[in-house]
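In case you want the letters, here they are:
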Amino acid sequence: MKLIVTGAGGFLGSHTVKYFRDKGHDVTAFTQDVRRNLPYERFDCIFHFAAFVGGRKGIDNNRWLITENIEIDRITFKWAEEWCKKIIYPSSCAAYPTYLQEQPNTPMQEDQFGNGKTFDLYGLSKVAAEAMLKTLTIPAMVMRPFTIYGPGQDLDYPIPAIIQRAKQGECSVWGSGTQTRDWIYIDDALEVFEFLLYKKEPITTNLATGKAITFKEIAEIVFTLIHGVEIPVETQNDQPEGAGHRVGCTKRMESLGLYCNTSLEDGIRKMIEWSRE
């Protein structure tokens, strides 16, 4: 297939380009500003990853930059409707209502989307994006990823930063460390992307494991894998920790035959090995 990946220089985009090129597809890795330079040629599918992101501080400290994502999406969706046969779009678990992110071990279900205020402007921008996608005349495959991690992710994100600190002998996390996330290894995410590429009917699904893991647990796993011993986790309470709890319901994924099979320990081990290269 002839594919185009926006945001191809980022974490998700670069992995997606490599994955589908290795599968024999003709992939355009688009790294330019989509607001000005999208090509006038036809594609079978667009993976639209171009966005302003940047971890917790990037979101909290750049609220007006984050809202530019709405314009980036609008321009890309309009272009895709004319030049692409379908679109695959990563929404976000951040788009679910805040009240669901305050309750521990409460898996968020796809049909709960839009039923309340979002935690931040990033989540709100994803609500706007999904509303626009519903108006398109081409099939839109929407996934709501929870916390994807893997090799190549920069230090703005939790696990790479925790690994770096652990290599320096520090076992620490931002905030209380009791906040939970649903951690998905990048290889599992790419398999879901491939499923969506071949699916004909529009669909919206979570991208999740269904397991809520605290940041403290992540730090403990990282430090033990690097040093072979456990030490108490230090908390940096002067740093932001974001939403309290985010875990996804996997019933729809499972009904589609989709699973995230990489264990957290194996995924983190691969990241540590990559960081040593």
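Everything below is about the structure printed above this text.
The structure displayed is predicted, hence computed values, not measured ones. (Residues numbered from 1 in each chain as written. Predicted model: local features only at pLDDT ≥ 70, side-chain atom pairs only at ≥ 80, totals over all residues. Heavy atoms only, no water.)

(A) Molecular detail of the overall build of the chain. Regarding its fold elements, the chain presents 10 helices and 12 strands. A compact globule built from 277 residues would reach a C-alpha radius of gyration of about 19 Å, and the chain, at 18 Å, matches this within 12%. A principal-axis box enclosing the C-alpha atoms of the chain has dimensions of 55 × 40 × 40 Å. Going through the 277 residues of the chain one by one, you find that 52% of them count as buried. Across the chain, every contact between residues at least 6 apart in sequence was considered, and the portion connecting residues at least 24 apart equals 82%. Each charge class in the chain can be summarised by its mean position, and for the 31 positive and 36 negative side chains these summaries are 4 Å apart. (Helix = DSSP H or I, 4+ residues; strand = E, 2+ residues; numbered from the N terminus. Rg over C-alpha atoms; globule rule 2.2 N^0.38 Å. Buried < 20%, exposed > 50% of the residue type's maximum accessible area, 1.4 Å probe, protein only. Contact = heavy atoms within 4.5 Å. Lys, Arg positive; Asp, Glu negative; His and termini not counted. Charge placed at Lys NZ, Arg CZ, Asp CG, Glu CD.)

(B) Up close: the sheet that holds strand E2 (residues 26–30). The strand order E2-E1-E3-E4-E5-E10 describes an open sheet built from 6 strands, whose pairing is parallel. The open sheet terminates on both sides in strands that have one partner only, identified here as E2 and strand E10 (203–207). Averaged over all neighbouring strand pairs, the angle between strand axes comes to 15°, with direction disregarded. For strand E1 (residues 2–6) and E2, the ladder comprises 5 bridges, and the chain directions are parallel. Bridge pairing in E2 places Leu3 opposite Val27. Lying on the sheet, helix H1 (residues 11–22) is in contact with E1, E2 and strand E3 (45–48); it crosses E2 at an angle near 165°. Each of E1, E3, strand E4 (87–90), strand E5 (140–145) and E10 is contacted by helix H7 (residues 186–198), which is oriented at about 175° to E10, the strand it contacts most. (Pairing = 2+ DSSP bridges. Axes fitted to C-alpha atoms, helices over the stretch in contact; angles between N-to-C directions.)

(C) Summary view of H7. Taking 1.5 Å of rise per residue, the 13 residues of H7 would be expected to cover 18 Å, and the 19 Å separating its terminal C-alpha atoms lies within 8% of that figure. Among the residues of H7, those classed as buried are Ile186, Asp188, Ala189, Leu190, Val192, Phe193, Glu194, Leu196 and Leu197. (Expected span 1.5 Å × (residues − 1).)

(D) Quick look at the pairing of E1. When you tally the buried positions in E1, you get 4 out of 5 residues, the bulk of the element. This β-α-β element, E1 to H1 to E2, shows right-handed connectivity. Looking at chain direction, E1 and E3 are connected through 4 bridges and run parallel. Residue pairing in the sheet places Leu3 in a bridge with Cys45 of E3. (Right-handed = clockwise from strand over helix to strand, strands pointing away.)

(E) Structural context of the nonpolar core. Counting residues in each nonpolar core, the largest one holds 59 residues, and the members touching the most others are Phe47, Phe193, Leu207, Ile218 and Ile268. Once you skip the residues sitting within four places of it in the chain, Leu207 turns out to touch Met143, Arg144, Pro145, Phe146, Ile148, Ile184, Ala189, Val192, Phe193, Met253 and Cys260. Counting residues in each nonpolar core, the second largest holds 21 residues, with Trp79, Ala129, Leu136 and Ala140 among its members. (Core = buried A, V, L, I, M, F, W, Y, C linked by side-chain atoms within 4.5 Å.)

(F) Structural context of the environment of Gln109. Locating Gln109 in the fold gives a position in the loop between E4 and helix H5 (121–133). Residue classification places Gln109 among the partly exposed positions, given a relative accessible area of 35%. Sequence spacing of Gln109 and Gly248 is 139 residues, and the spatial spacing of their C-alpha atoms is 6.7 Å. Other than its neighbours up to four places away in sequence, Gln109 contacts Tyr96, Asn206 and Cys249.

(G) Just the packing of helix H6 (residues 158–167) against helix H10 (residues 264–275), in detail. Viewed as axis vectors pointing N to C, H6 and H10 meet at an angle of 60°, and their least axial separation amounts to 11 Å. Here H6 is positioned oblique relative to H10, judged by the angle of their axes. In terms of crossing hand, the pair formed by H6 and H10 is right-handed. Touching Ile159, Pro160, Ile163 and Lys167 of H6 are Ile268, Met271, Ile272 and Ser275, all from H10. (Parallel < 35°, antiparallel > 145°, perpendicular 65-115°, else oblique. Left-handed = near helix turned anticlockwise from the far one by under 90°.)

(H) Structural view of the pattern of salt bridges. By the definition in use, this model includes 11 salt bridges. In this structure, Asp22 engages Lys18 in a salt bridge whose closest nitrogen and oxygen atoms are separated by 2.8 Å. With Asp22 and Lys18 both in helix H1 and 4 residues apart, the pair spans about one turn of that helix. Both residues of the pair, Asp22 and Lys18, belong to the exposed class. (Salt bridge = Lys/Arg side-chain N within 4 Å of Asp/Glu carboxyl O.)

(I) Expanded view of the packing of aromatic side chains. The final tally for this structure, using the stated rule, is 12 aromatic pairs. Judged by centre distance (6.3 Å) and plane angle (45°), the rings of Phe47 and Phe193 are tilted. With Phe47 in strand E3 and Phe193 in helix H7, this pair connects stretches of sequence that are 146 residues apart. According to the relative accessible area criterion, Phe47 is buried, its value standing at 0%. Following the ring pairs from residue to residue traces out a cluster consisting of Tyr19, Phe20, Phe47, Phe49 and Phe193. (Phe/Tyr/Trp six-rings, centres within 6.5 Å; stacked < 30°, edge-to-face > 60°.)

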